[in-house]
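Breakdown of the fold
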Amino acid sequence: MAARTDLMAAQSPLIAVDDLSKSFGAVRALKSMRLVGCAGKVHAVMGENGAGKSTLMKLLSGVLRPDEGTIWLSGEPVSFHHPRDAQHAGISTIFQEFSLLPNLSVVENLFLGREVEKGRALSAHEMYQRTKQALAALDLRIDPDRRVGSLSVGQQQMVEIAKGVLADASVFIFDEPTAALASNEVETLFALIRRLSAQGKCIFYVSHRLSEVFAICDDVTIMKDGAFIRCVPTTETTADEVIQGMVGRPIEELFEPRAEALGPVLLRADALVGDNTTVLLSLQICEGEIVGIAGLEGQGQQQLMRLLAGFDPARSGALELSGASISGCSARQRLAAGIGFVPESRKDDGLFLSLDIGANMTTAAIARRLLLSWVPRFDARVMDVMQRLAVKAPDASTPVIDLSGGNQQKVVLGRWLLAGAKVLLCEEPTRGVDVGAKREIYRQLREFTREGRGILVTSRELPELIGLCDRLLVIRNGEIVAEMDARDATEDALLRAALPAVESEAV
């Protein structure tokens, strides 16, 4: 294997970008950008939102044309006038939004627009067999005749990748490939990427998730403000160095100072049991405090948050907010009392994508009012919250679907600021957002607590929980099994508490 890796390193780049520039009006999205991709290597491209990653990948995939600079493929300069040109040249791009037609079968999707080859119409049998071969090359067990709309998100992504295999692509571009995948689907994707790499393909991997980059990638190119910062092997750098290259500051500076003093108990749960929980839940959150829930995935974090929010009914136990019982209150009544909820999936559960920023921000404030009561105008307050959260948009009439992931998350947070929530239940607050947006969200969450409010937060990223929170609770099989001060917490200590006894002894 070592000999093979050395051979790959000695080869000329399979694809290279030299002094690539692109402007949109007065905005210069790329400035003399350079990038090198080698056969058999997985190459990460990282940067904040607005760093130019998407523009660069659209140039490589033929969606856009550069103003200046050259793209080299196998040592020859290439010029793409259409995405089909890039596909014919051997570049396959798997975007976040799939280009599949859900009402068609896997075969029909893979051969859509490719039914004729070299002037000859392909038979249904030939298309079926070639689809089987493409899926088998990826070790995928998907029926070629199955309707794509019936597949999971992960399986649909695999079908997109099979398109590239079918076209014999030599370069694969993955744009935030794990954003909508479950953990088991992520492992399947990683195995598939390693298989493509072993076949001598060049893979560009665009992601905000540092853990994934260090798990799957050989090299990382860092971008900032449309320009190349540096390229380095992942084995020769650290997450802290990558973050500092992206945002110009060390990781420690991403987080705000912790609370010096806490107020009285704001939210108290005592022996709470719900329809979807099996053990008693007891916890408390004080004014000015951020409490984090740490644990392995699927240990009851989501059930806990929904039980507190009122989406899952409680069978017994007590829940108090500011000393008043809200145990028997519905989710809407708890909202009116001052409980805010930020779900993990912004697009599915947190936002009305067909509405603008203003409409999304005011939904909670309006819902708290009595039916048929007078509803005031919120225009000035919405603009104030937008400025406070640094939402990057011209005005409140901007559709939320046009915003970046980080700005969409700020809109969800702004909803609860506007509604005057006392306690915020926040699932995965920075999921799918870049490091710069994370810094702003961390600042706003801490600012939220400085006003005498409290936050309960879940996250898969242990460094985020340690840096963001004042106190950490560890959940295992739906039960709070450990508590520690975040100042003293370590990833090792959290993992030991989160693992079952037998496994933790092996660690």
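Residues numbered from 1 in each chain as written. Predicted model: local features only at pLDDT ≥ 70, side-chain atom pairs only at ≥ 80, totals over all residues. Heavy atoms only, no water.

Okay, the packing of aromatic side chains next. What describes a pair of aromatic rings is the distance from one ring centre to the other and the angle between the planes of the rings. For the structure on display, the rule yields three aromatic pairs. Note on F255 and Y442: the rings are 4.7 Å apart at their centroids and 25° apart in plane angle, and the pair reads as stacked. Residue F255 is located in the loop between helix 9 (239-247) and strand 13 (265-274), and its partner Y442 is located in helix 16 (residues 435-450); the two are separated by 187 residues in the primary sequence. Pair check on accessibility: F255 and Y442 agree, each one buried. (Phe/Tyr/Trp six-rings, centres within 6.5 Å; stacked < 30°, edge-to-face > 60°. Helix = DSSP H or I, 4+ residues; strand = E, 2+ residues; numbered from the N terminus. Buried < 20%, exposed > 50% of the residue type's maximum accessible area, 1.4 Å probe, protein only.)

Attention now goes to the pairing of strand 20 (residues 454-458). Within strand 20, five of the five residues are buried, leaving the element largely enclosed by the surrounding structure. Residue alternation in strand 20 divides its side chains into two sets, G454, L456 and T458 and I455 and V457, and both sets are buried. Across four bridges, the pairing between strand 15 (residues 290-294) and strand 20 is parallel. Paired with I290 across the bridge in strand 20 is I455. Strand direction decides the pairing type here: strand 19 (residues 423-427) and strand 20, joined by five bridges, are parallel. Considered in strand 20, the bridge of V423 is made with G454. Handedness of the crossover joining strand 19 and strand 20 through helix 16: right-handed. (Pairing = 2+ DSSP bridges. Right-handed = clockwise from strand over helix to strand, strands pointing away.)

Bringing the environment of E97 into the picture now. Locating E97 in the fold gives a position in the loop between strand 6 (91-94) and helix 4 (106-110). The class of E97 is exposed, set by a relative accessible area of 60%. The spacing of E97 and A215 is 118 residues in sequence and 24 Å in space, taken between C-alpha atoms.

Before going further, it helps to examine the state of the cysteines. Cysteine pairs can be covalently joined through their sulfur atoms, and such a bond is termed a disulfide. Under the defined criterion, the tally for this structure stands at zero disulfides. With no disulfide of its own, C217 lies 11 Å from the sulfur of C202, the closest cysteine sulfur. The exposure class assigned to C217 is buried, which follows from its relative accessible area of 5%. No disulfide involves C286; its sulfur sits 14 Å from the nearest other cysteine sulfur, which is in C469. (Disulfide = S-S within 2.5 Å.)

The next subject is the sheet that holds strand 17 (residues 324-325). Read across the sheet, four strands follow the order 14-13-16-17 without closing on themselves; strand pairing throughout is antiparallel. Taken across any chain shown, the strands that pair with only one partner, and hence form the sheet edges, are strand 14 (281-286) and strand 17. Direction of pairing for strand 13 relative to strand 14: antiparallel, over a ladder of five bridges. Paired with A269 across the two strands is L283, which belongs to strand 14. Along the sheet face, helix 10 (residues 301-309) touches strand 13, strand 14 and strand 16 (314-321) and points at about 110° away from the line of strand 13. (Contact = heavy atoms within 4.5 Å. Axes fitted to C-alpha atoms, helices over the stretch in contact; angles between N-to-C directions.)

A separate point is the nonpolar core. Formed by 97 residues in total, the largest nonpolar core has its most connected members in I161, F174, M361, W416 and L472. Ignoring anything within four residues of it in the chain, the contact list for L472 reads G292, L465, I466, A482, E483, M484, A486, A489 and L494. (Core = buried A, V, L, I, M, F, W, Y, C linked by side-chain atoms within 4.5 Å.)

Think of a sheet as strands paired side by side through backbone hydrogen bonds, with each pair either parallel or antiparallel. Pairing is antiparallel across the open sheet formed by four strands, whose spatial order is 2-1-4-5. Two strands bound the open sheet, and with one partner strand each, they are strand 2 (27-37) and strand 5 (76-78). The sheet shows a mean angle of 30° between the axes of neighbouring strands, taken without regard to direction. Both strand 1 (residues 15-24) and strand 2 contribute to a ladder of seven bridges, which runs antiparallel. Within strand 2, the residue paired with V17 across the bridge is L35.

This part is about unusual backbone geometry. Unlike most non-glycine residues, S32 shows phi in positive territory, near 50°. Mapped onto the elements of the fold, S32 is located in strand 2. Overall, S32 belongs to the partly exposed group, its relative accessible area being 38%.

Attention now goes to the side chain of R446. On the secondary structure map, R446 appears in helix 16. Residue classification places R446 among the buried residues on the basis of a relative accessible area of 2%. Here L468 takes part through its backbone oxygen, which lies 2.8 Å from a polar atom of the side chain of R446. When near neighbours in sequence (up to four residues on either side) are disregarded, R446 contacts E256, P257, R258, A259, G288, I290, L468, C469 and D470. (Polar contact = N/O pair within 3.5 Å; in protein donor to acceptor, adjacent residues only side chain to side chain.)

On to the packing of helix 14 (residues 379-389) against helix 15 (residues 405-419), then. In the contact formed by helix 14 and helix 15, the axes pass within 10 Å of each other and the chain directions differ by 130°. On the basis of the axis angle, helix 14 is oblique to helix 15. The element helix 14 and its partner helix 15 pack so that their crossing is right-handed. When helix 14 is examined against helix 15, the residues R381, V382, V385, R388 and L389 are found in contact with a partner set consisting of K410, L413, G414, L417 and L418. (Parallel < 35°, antiparallel > 145°, perpendicular 65-115°, else oblique. Left-handed = near helix turned anticlockwise from the far one by under 90°.)

What is shown is where atoms sit, not what they do.
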